[in-house]
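# Close look at the chain arrangement
Single-letter residue listing:
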Amino acid sequence: MLKRALSFALLLFSVSSHADCWVVGNLHGMTASKSDSYRFTEDAISNQTFQIKAEKEHSTVIGSDLNFLGINPKSVLGTYTEGQRRSVETWNISDDGHKVFYTMTRTGFSDDLDGTKAFVGDVLGKC
């Protein structure tokens with residue numbers, strides 16, 4: 001009995017400590033930038049893929065320079081601050097594992113870069 005309980009506990013620990021990693025791309029959505037008076041326009045990041053590794057303390061998004069924190073096994077939050085420059089990104093994998101949702105806000109950079117984005121893309125596979 002004790003052996004089974006120990007085996008079950010080890011199995012739970014190994015599953016919970018495993019980081020999930022996805023390759024995503026084909027992002028399409030809307031952008032509102034300061035240079036366009038914050039009017040929303042269609043936008044896309046169609047020629048780039050990203051790798052999202054969701055882990056509580058060591059999450060990463062390969063293709064982004066932000067510092068990331070894992071919110072849960074399918075969501076990461078990224079932040080960047082330097083002087084007056086500030087950026088926040090979120091990456092979320094859909095419950096069915098087929099879509100990715102990306103948001104970004106940025107301010108303090110330049111008229112072309114300051115603004116917000118909201119995109120939906122495809123999960124292309126696992127890392």
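Scroll up to find the structure.
The rules behind these values
- Residues numbered from 1 in each chain as written.
- Predicted model: local features only at pLDDT ≥ 70, side-chain atom pairs only at ≥ 80, totals over all residues.
- Heavy atoms only, no water.
- Helix = DSSP H or I, 4+ residues; strand = E, 2+ residues; numbered from the N terminus.
- Buried < 20%, exposed > 50% of the residue type's maximum accessible area, 1.4 Å probe, protein only.
- Contact = heavy atoms within 4.5 Å.
- Disulfide = S-S within 2.5 Å.

### Examining the overall build of the protein chain
A count of helices and strands for the protein chain gives one helix and nine strands. Secondary structure elements in the protein chain, listed N-terminal to C-terminal, are α-β-β-β-β-β-β-β-β-β. Looking at the protein chain as a whole, 29% of its 127 residues are labelled buried. For the protein chain, contacts bridging at least 24 residues in sequence account for 42% of all contacts bridging at least 6.

### Some remarks on the state of the cysteines
Scanning the entire structure with this criterion turns up one disulfide. Residue Cys-21 pairs covalently with Cys-127 via a disulfide, S to S 2.0 Å. Between Cys-21 and Cys-127 the disulfide shows an S-S torsion of about -70°. By sign, it is left-handed. Of this pair, Cys-21 sits in strand 1 (residues 20–33) while Cys-127 sits in the segment after strand 9 (115–126), placing them 106 residues apart in sequence. Take Cys-21: its relative accessible area is 17%, and that puts it in the buried class.

Keep in mind these numbers describe shape, not what the thing actually does.
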